[in-house]
Amino acid sequence: MGLDVDTPEPPELEAFDPNEYDDAEVVGDTDFRRDEIEEFLHDGAWDRAFGEWTDHTDLDTEEYAIVTDLGLIERFDFFWDSHADRVGYHAPGLPEDWKQHDLHPDLDSWGTVSSINAELTELGQIVCDVLKDDYIDWETDYEPPEDLPDF
């Protein structure tokens, strides 16, 4: 489908323990290398990943406007998980109780909420893949198990 929008600035990565997220668990080294990852994002990884995502996303311009109006892009977090030899991430999303919060006037269905959350998760994974494949060459001695879950 695709989405024709300008690439936003990459998120600013702040010092935060990823284990505080409900959807991430990081074991071992606590050097999450956010400064280096943020530099890679500014050096082209974000532009490349966002462009790849917009080429394939199912979000339409109205749904993307909700994302930008709510500042969701700025709330992404990326961090190095040395134990698993991968870039971890936390994708922002809309809460299950979105109706009670009156978050946005154009947010009117579970389908829209689900689509936004799924597509933001996809963007996070694409950013991680671009970072790991083309920017990060950090060495680890750890061999992750085959059943390690995705973030």
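Rules used throughout
Residues numbered from 1 in each chain as written. Predicted model: local features only at pLDDT ≥ 70, side-chain atom pairs only at ≥ 80, totals over all residues. Heavy atoms only, no water. Helix = DSSP H or I, 4+ residues; strand = E, 2+ residues; numbered from the N terminus. Salt bridge = Lys/Arg side-chain N within 4 Å of Asp/Glu carboxyl O. Buried < 20%, exposed > 50% of the residue type's maximum accessible area, 1.4 Å probe, protein only. Phe/Tyr/Trp six-rings, centres within 6.5 Å; stacked < 30°, edge-to-face > 60°. Pairing = 2+ DSSP bridges. Arc of directions from axis to C-beta. Contact = heavy atoms within 4.5 Å. Polar contact = N/O pair within 3.5 Å; in protein donor to acceptor, adjacent residues only side chain to side chain.

Here's the deal with the environment of A15
And then number 1: Note that A15 resides in the segment before α1 (34-56).
And then number 2: Between the C-alpha atom of A15 and that of R33, which follows or precedes it by 18 residues, the distance is 9.6 Å.

Quick word on the pattern of salt bridges
And then number 1: Enumeration over the complete set of coordinates arrives at 5 salt bridges.
And then number 2: Of the charged contacts, one joins R48 and D134 as a salt bridge, the two residues approaching to 2.3 Å between their closest N and O atoms. Remark: D134 occurs in helix α4 (residues 110-134) and R48 occurs in helix α1; sequence separation between them is 86 residues.
And then number 3: Assessed through its relative accessible area of 43%, R48 is described here as partly exposed.
And then number 4: Judged by relative accessible area, which is 43%, D134 ranks as partly exposed.
And then number 5: Linking D81 and R86 is a salt bridge whose minimum nitrogen-to-oxygen distance equals 3.9 Å.
And then number 6: Look at R86 and you get buried, because its relative accessible area is 16%.

Re the packing of aromatic side chains
And then number 1: The full count for this structure, using the stated rule, is 9 aromatic pairs.
And then number 2: Here the aromatic residues W46, F50, W53, Y64, F76, F78 and Y89 are joined through ring pairs into a cluster of three or more.

Thoughts on the pairing of strand β2 (residues 86-90)
And then number 1: Counting buried positions over the 5 residues of β2 gives 5, a clear majority of the element.
And then number 2: Burial of the side chains of β2 extends over both faces: R86, G88 and H90 are buried on one face and V87 and Y89 on the other.
And then number 3: As paired elements, strand β1 (residues 77-81) and β2 share 5 bridges and run antiparallel to each other. Looking at the pairing, F78 lines up with Y89 of β2.
And then number 4: Between β1 and the antiparallel strand that follows it, β2, lie 4 residues; D85 among them carries a positive phi value of about 55°.

A closer look at helix α2 (residues 61-69)
And then number 1: Residues of α2 that are buried: E63, Y64, I66 and V67. Buried residues of α2 fall within an arc of 150° about the axis and therefore sit on the same side. Counted as exposed and oriented over 90 degrees from the buried face of α2: E62 and D69.
And then number 2: Contacts from the buried residues of α2 go to α1 and α4.
And then number 3: Two or three places before E62, at the opening of α2, D60 has a side-chain oxygen 3.1 Å from that residue's backbone nitrogen.
And then number 4: Phi turns positive, to about 65°, at G71, one or two residues after α2.

A few points about unusual backbone geometry
When glycine is set aside, most residues are seen to have a negative phi, and most peptide bonds are trans.
And then number 1: Phi angles above zero are rare outside glycine, and D102 is one such case at about 45°.
And then number 2: Tracing the chain through its elements places D102 in the loop between α3 (98-101) and α4.

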